[in-house]
Amino acid sequence: TSRADQLLMNGDLAGAVAEYEQSLVYVPDDGDVLAALGILYEAQGQTAKSEEMLTRARQAFENPEGYWITVAQTYRLVGEKDKAMEAVNTALEVQPESAYAYYVRGIIHQEAGETFEALQDYEQAANLASEQNQNELFVMARSQYGMVLQSGAGF
């Protein structure tokens, strides 16, 4: 799966599909892998396979928030900003206090050049992470917030 993740981040969708498919041999119920395959099949126009994988992914996740965040991240990596935003907003509807969902939404906003919105989401992610004792996420959100401020983008 790590090879598949790397290929996906590098834009090699076909290579990522092949690696994710191979990883299903070893982890057939991995929600992250199933969701990634669902999104990648959708990008390739394989609707039936996409729907099957996304259904299996939903079932594999213990909570809907995790499913929607994973879907959002994968859509973001394949360049589908609007679908990524829709998915992360669904995660926030399911779990309004999700620090990680705010963090992911901040990344989506940042990549779209929406500086003010990114800062708001990173701030909310940091606040919630602090309240929920998610120290690593708190540091990540604060770091992203600082990098956006230092870049001076949009100011």
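Residues numbered from 1 in each chain as written. Predicted model: local features only at pLDDT ≥ 70, side-chain atom pairs only at ≥ 80, totals over all residues. Heavy atoms only, no water.

1. Examining the overall build of the protein
Filter applied, for reference: Helix and strand labels come from DSSP, where a helix needs a run of H or I of at least four residues and a strand needs a run of E of at least two; each type is numbered from the N terminus. Only C-alpha atoms enter the radius of gyration, while the globule expectation follows 2.2 Å times N to the 0.38, with N the number of residues. Exposed residues in this analysis have more than 50% of their type's maximum accessible area, buried residues have under 20%, and partly exposed residues fall in between, with area computed by a 1.4 Å probe over protein chains only. What makes two residues a contact is simply this: any of their non-hydrogen atoms within 4.5 Å. All accessible areas in this document rest on Shrake-Rupley with a 1.4 Å probe, and a residue is counted as covered only by the protein chains that are shown. Charged-residue counts in this description rest on Lys and Arg as positive and Asp and Glu as negative, His and the chain ends being excluded. All charge positions are set by atom: Lys at NZ, Arg at CZ, Asp at CG, Glu at CD.
Broken down by element type, the protein carries 9 helices and 0 strands. Each helix and strand of the protein, ordered N terminal to C terminal, gives the series α-α-α-α-α-α-α-α-α. Taken over C-alpha atoms, the radius of gyration comes to 16 Å for the protein, in line with the 15 Å a tight globule of 155 residues would show. The principal-axis extent of the C-alpha atoms belonging to the protein is close to 45 × 30 × 25 Å. Sorting the 155 residues of the protein into buried and exposed places 40% on the buried side. Put simply, of all contacts in the protein between residues at least 6 apart along the chain, 45% involve residues at least 24 apart. Here the protein displays about 8300 Å² of accessible surface, and carbon together with sulfur accounts for 47% of that area. Charged side chains of the protein number 9 positive and 24 negative; the gap between the two group centres comes to 3 Å.

2. Points about the nonpolar core
The following threshold applies: Only buried residues count toward a nonpolar core. Its members are Ala, Val, Leu, Ile, Met, Phe, Trp, Tyr and Cys residues joined through side-chain atoms within 4.5 Å.
Formed by 46 residues in total, the largest nonpolar core has its most connected members in Y20, L37, V71, V88 and Y103. In terms of residue count, helix α3 (residues 31-43) provides more of this core than any other element does, 8 residues in total. Contact partners of V71, with chain neighbours within four places excluded, come to A35, I39, L54 and A87.

3. A word on the environment of V104
As for its placement among the helices and strands, V104 is situated in helix α7 (residues 99-111). Taking relative accessible area as the criterion, V104 reaches 2% and is therefore assigned buried. For V104, the contacting residues outside a window of four places in its chain are I69, A72, Q73 and V88.

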